[in-house]
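Coordinate analysis (summary)
The chain contents come next:
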Amino acid sequence: AQLLTEPLVQDQGSLKLEEVKSIEFKDVTFTYPDAQVPCLKNISFKMRAGDQLGILGSVSSGKSTLLQLLIRFYEPQQGQILINEI
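In this report, we go over the structure that sits alongside the text. (Residues numbered from 1 in each chain as written. Predicted model: local features only at pLDDT ≥ 70, side-chain atom pairs only at ≥ 80, totals over all residues. Heavy atoms only, no water.)

1. A short note on the packing of aromatic side chains
Taken as a whole and assessed by the stated rule, the structure comprises five aromatic pairs. Summarising the aromatic geometry, the rings of Phe25 and Phe45 are spaced 4.8 Å apart at their centres and angled 15 degrees between planes, so their arrangement reads as stacked. Taken together, the positions of Phe25 in strand β1 (residues 22-30) and Phe45 in strand β2 (residues 40-48) put the pair 20 residues apart, joining distant regions of the chain. Residue class for Phe45 comes out partly exposed when judged on its relative accessible area of 22%. Seen from their ring centres, Phe30 and Tyr74 are 5.1 Å apart, and the 45 degrees between their planes marks the pair as tilted. Pair noted here: Phe30 is in strand β1 and Tyr74 is in the loop between α1 (63-70) and β3 (78-83), with a separation of 44 residues, a long-range link. Per residue, the accessibility class of Phe30 equals that of Tyr74, and both read buried. Each member of the aromatic cluster is reached from another via a ring pair, and the members are Phe30, Tyr32, Phe73 and Tyr74. (Phe/Tyr/Trp six-rings, centres within 6.5 Å; stacked < 30°, edge-to-face > 60°. Helix = DSSP H or I, 4+ residues; strand = E, 2+ residues; numbered from the N terminus. Buried < 20%, exposed > 50% of the residue type's maximum accessible area, 1.4 Å probe, protein only.)

See below:
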């Protein structure tokens, strides 16, 4: 059987990264499909290589969503996620 669906994330080309020097979330807002309230709203931070970040929060507060957005499992509805300023 073949599953005929459109992916949520449309690939707009890829970039080969030799080394991650920085990760930046700029005013990122994300709402899960079929949800009415954003899971993340206006999230901004920048990390450079060697930095450490602790993310604390209750269940369903958006901790895992940050990673899912970073690996492009989902796309934010608003804002930018930059790796090495790209």
